[in-house]
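Examining the three-dimensional arrangement
Listed below are the residues making up each chain.
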Amino acid sequence: MSFCSFLGGEVFKDHFQPGIYVCAKCGHELFSSRAKYEHSSPWPAFTETVHEDSVSKRKERPGALKVSCGKCGNGLGHEFLNDGPKMGQSRF
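Notes on the structure in this doc start here. Computed from a predicted model, the values in this text were never measured in an experiment. (Residues numbered from 1 in each chain as written. Predicted model: local features only at pLDDT ≥ 70, side-chain atom pairs only at ≥ 80, totals over all residues. Heavy atoms only, no water.)

Remarks on the nonpolar core
Here is the rule: Put simply, buried Ala, Val, Leu, Ile, Met, Phe, Trp, Tyr and Cys residues joined by side-chain atoms within 4.5 Å make one nonpolar core. Whether a residue is buried, partly exposed or exposed follows from its accessible area with a 1.4 Å probe, protein chains only, as a fraction of its type maximum: under 20%, in between, or over 50%, in that order. Secondary structure follows DSSP: runs of H or I at least 4 residues long count as helices, runs of E at least 2 residues long count as strands, and numbering of each begins at the N terminus.
Judged by nonpolar contacts, Tyr 21, Cys 23, Leu 30, Phe 31, Phe 46, Val 55, Val 67, Cys 69, Leu 76 and Phe 92 together constitute the single largest core of 10 residues. Those elements that place two or more of their residues in this core are strand 2 (20–23), strand 3 (29–32) and strand 7 (64–69).

Side note on the pairing of strand 2
The line we're drawing: Here a strand pair is declared whenever DSSP counts at least two bridges between the two strands.
The sheet contact formed by strand 2 and strand 3 spans three bridges and is antiparallel. By the bridge assignment, Ile 20 is partnered in strand 3 with Ser 32. Hairpin connection, strand 2 to strand 3: the antiparallel pair is bridged by five residues, and Gly 27 has positive phi, about 85°.

Notes on the environment of Lys 57
Heads up, the condition is: Any two residues having at least one pair of non-hydrogen atoms within 4.5 Å are treated as being in contact. Residues adjacent in sequence count toward polar contacts only when both atoms are side-chain atoms; beyond that, a polar contact is any pair of N or O atoms within 3.5 Å, and within protein one must be able to donate a hydrogen and the other to accept it.
Residue position: Lys 57 is located in strand 6 (residues 55–61). Owing to a relative accessible area of 47%, Lys 57 belongs among the partly exposed residues under this scheme. Spatially, the C-alpha atom of Lys 57 lies 8.9 Å from that of Cys 69, the residues being 12 residues apart in sequence. Those residues in contact with Lys 57 that lie beyond four places of it in its chain are Leu 65, Lys 66, Val 67, Glu 79 and Phe 92. At 2.8 Å, the side chain of Lys 57 forms a polar contact with the side chain of Glu 79.

Brief notes about the packing of aromatic side chains
As a reminder, the rule being used: Stacked, tilted and edge-to-face are the three classes assigned to paired rings of Phe, Tyr and Trp, where Trp is represented by its six-membered ring and a pair needs centres within 6.5 Å; plane angles under 30 degrees give stacked, over 60 edge-to-face, the rest tilted.
Considering all chains together, one arrives at three aromatic pairs under this definition. Ring centres 4.3 Å apart and planes at 10° place the aromatic pair Phe 31 and Phe 46 in the stacked group. Here the residue Phe 31 occupies a position in strand 3, and Phe 46 occupies one in strand 5 (residues 45–46), the gap between them amounting to 15 residues. Each member of the pair, Phe 31 as well as Phe 46, is classed as buried. Between Phe 31 and Phe 92, the ring centres sit 5.4 Å apart and the planes meet at 55°, which makes this aromatic pair tilted. With Phe 31 in strand 3 and Phe 92 in the segment after strand 8 (75–80), this residue pair connects regions lying 61 residues apart in the sequence. Overall, the relative accessible area of 2% leaves Phe 31 in the buried class. Here Phe 92 falls in the buried class, since its relative accessible area comes to 11%. Put simply, the rings of Tyr 21, Phe 31, Phe 46 and Phe 92 pair up and form one aromatic cluster.

Keep in mind these values describe shape, not function.
What follows is the structure, encoded as structure tokens:
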């Protein structure tokens, strides 16, 4: 499952079959379906990455980190700190 189309019509937002979401550019493993949850954003939402090096992060503003593929640097969006489904969890 390639992640993610930012041009609208995101096909994986409501997709909950078991699997691994990978970078659309290089195929690097990013997120597991086990870490996916329903959210009101237009894109899939996850609580954690598959591997420690799945993504790279840099601070963009308070409470938000810019997230890129850990292998090729493809932009993936943000990690929103303390905005996950449980207290203290982040949302990708």
